[in-house]
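An overview of the molecular structure
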Amino acid sequence: MTKPKVFVTRIIRDAGLDLVREFCDAEIWQDDLPPTREVLLEKVRGLDGLLCLLTDRIDGEVLDVAGPQLKVVSNHAVGFDNIVVPDATARGIPVGNTPGILTDATADLAFALLLAAARRVSEAERYLRAGKWKTWSASMLLGVDLAGKTLGLVGFGRIGRAVAKRAAGFGLRVIYFSPNATPEFGATPVSSLDELLHQSDFVSVHTPLNQSTRQMVNAEFLAKMKPNAVFVNTSRGQVVDQEALYQALTSSQIFAAALDVTDPEPLPMTSPLLTLENCLIVPHIGSASEKTRDDMARLAANNLIAGLKGERLPHCINPEVYTDNK
Ligand code: GLV
């Protein structure tokens, strides 16, 4: 029996690749960098399934070049702003993602960034490595405390709730703005973003990237934050107007920022944000733990294989493609 033909746009963990290889005739892109658009368009021609990463833009053109036999697109990520989902839905193609399994890893990183920015950890390490540490000093590298302060979560989905759970252990009061979310882990809803920004000493963003969140963190947003506040972003870089963030950080309008995501990615080394001591930036590592990446690879493979078999995907972004509700 001939195996379905698939393309995997990058090497993912063996936990997923082994499943893909067993069930499919798979071509796996070996390069460290993603395939260019041109190469992607060449590779998708005649495919039955595509397993892609958040670095690949999948739209109507890619799906049409692939051809009408394409049965499934599986994204190795929980976020899916790299995929034009309505284009897939219009062609009856289910799209899978990897929710749930990366919640704890991403919340851990959000918390690590929050603590590191509050206590100037990466700046302190740079200071030490530069040979500037001459003696213990009562006023060296002073940061801000967590206990008794307020953490404001913009978005209270799985990851936002997991951050709230961690915050309780650090003596933080947690508020959130997320219409329709149920209060959990002692967190209190507020009725507007303005109220959240006025009350919060720490603001952490946990929303998907969409029309209403693109550039949400702009000059106006930052001006409403408290002067000693810390801003954390582990969602998507395009949620933030980086020029406005740079201004807020250089004018001490806020204390510090910590970013796992930037716009664009990778962040060019010429970015002014990289000149700032009070801006901590890491290269989109929210889900980067061994177990989480194994789980993501496995789930992405299972979504792909289910789609190839004509079964419902374990995690489908556009369930409206299943008109018969099977
Ligand atoms: C990572 O950012 C993801 O969406 O999985």
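Residues numbered from 1 in each chain as written. Predicted model: local features only at pLDDT ≥ 70, side-chain atom pairs only at ≥ 80, totals over all residues. Heavy atoms only, no water.

Surveying the vicinity of the ligand reveals the residues Leu-54, Ala-77, Val-78, Gly-79, Leu-102, Arg-236 and His-284. For the ligand, an oxygen atom lies 2.8 Å from a polar atom in the backbone of Val-78. In this structure, an oxygen atom belonging to the ligand sits 2.8 Å away from a side-chain N or O atom of Arg-236. Within the shell around the ligand, the residues separate by chemical class into 4 nonpolar, 2 polar and 1 charged. (Near = heavy atom within 4 Å. Polar contact = N/O pair within 3.5 Å; in protein donor to acceptor, adjacent residues only side chain to side chain. Nonpolar A, V, L, I, M, F, W, Y, C, P; charged D, E, K, R; others polar.)

Glancing now at the packing of helix H5 (residues 103–118) against helix H7 (residues 158–168). Helix packing geometry: the angle between the two helix axes and the distance between the axes. At a closest axis distance of 8 Å, the pairing of H5 and H7 adopts a crossing angle of 55°. Of the possible angle classes, the one that applies to H5 and H7 is oblique. For the element pair H5 and H7, the recorded crossing hand is right-handed. When H5 is examined against H7, the residues Thr-103, Asp-104, Thr-106, Ala-107, Asp-108, Ala-110 and Phe-111 are found in contact with a partner set consisting of Arg-158, Ile-159, Ala-162, Val-163, Arg-166 and Ala-167. Split into classes, the residues belonging to the contact of H5 with H7 amount to 7 nonpolar, 2 polar and 4 charged. (Axes fitted to C-alpha atoms, helices over the stretch in contact; angles between N-to-C directions. Helix = DSSP H or I, 4+ residues; strand = E, 2+ residues; numbered from the N terminus. Parallel < 35°, antiparallel > 145°, perpendicular 65-115°, else oblique. Left-handed = near helix turned anticlockwise from the far one by under 90°. Contact = heavy atoms within 4.5 Å.)

Across the sheet, 5 strands lie side by side as S2-S1-S3-S4-S5; this open sheet has parallel pairing. The open sheet has two edge strands with one neighbour each: strand S2 (25–28) and strand S5 (95–96). Bridge analysis of strand S1 (residues 5–8) against strand S3 (residues 49–52) gives 3 bridges, and the strand direction is parallel. Bridge pairing in S3 links Phe-7 to Leu-50. On top of the sheet, helix H11 (residues 290–308) reaches S1, S3, strand S4 (72–75) and S5; it is set at about 175° to S4, its chief contact. (Pairing = 2+ DSSP bridges.)

Summed over the entire model, instances satisfying the criterion amount to 21 salt bridges. Close ionic contact of Arg-236 with Asp-81 constitutes a salt bridge, the shortest N to O distance being 2.8 Å. With Arg-236 in the loop between strand S10 (230–233) and helix H10 (242–250) and Asp-81 in the loop between S4 and helix H4 (85–90), the pair connects residues that are 155 residues apart, well separated along the chain. Lys-291 is the salt-bridge partner of Asp-295, the closest N and O atoms lying 2.5 Å from each other. Placement of the pair is Asp-295 and Lys-291 together in helix H11, with a separation of 4 residues, close to one helical turn. (Salt bridge = Lys/Arg side-chain N within 4 Å of Asp/Glu carboxyl O.)

The next point concerns the sheet that holds strand S9 (residues 202–205). In space, the 7 strands of this open sheet follow the order S8-S7-S6-S9-S10-S11-S12, with parallel pairing throughout. Taken across any chain shown, the strands that pair with only one partner, and hence form the sheet edges, are strand S8 (188–189) and strand S12 (279–281). Seen against the sheet, H7 touches strand S6 (150–154) and strand S7 (173–177) and runs at an angle of roughly 170° to S6.

What the second largest pocket holds in volume is close to 180 Å³. Arg-119, Ala-124, Trp-136, Ser-137, Ala-138, Met-140, Leu-141, Leu-142, Gly-143, Val-144 and Asp-145 together form the lining of the second largest pocket. Grouping the constituent residues of the lining of the second largest pocket by class yields 7 nonpolar, 2 polar and 2 charged. (1 Å grid on protein atoms, 1.4 Å probe; cavity = no way out; pocket = protein on both sides within 12 Å on 5 of 7 lines; lining within 4 Å. Points joined across faces, edges and corners; volume = space filled by probe spheres on them.)

Among all positions of H10, only Gln-242, Ala-244, Leu-245, Ala-248 and Leu-249 are buried. Taken end-on, H10 shows its buried residues confined to a sector of 155°, consistent with a single buried face. The secondary structure elements touched by the buried residues of H10 are helix H9 (219–223), S10, strand S11 (256–259) and S12. The backbone nitrogen of Glu-243 lies 3.1 Å from a side-chain oxygen of the residue at the head of H10, namely Asp-241. Ser-252, located one to two residues past H10, shows a positive phi value of around 55°. (Buried < 20%, exposed > 50% of the residue type's maximum accessible area, 1.4 Å probe, protein only. Arc of directions from axis to C-beta.)

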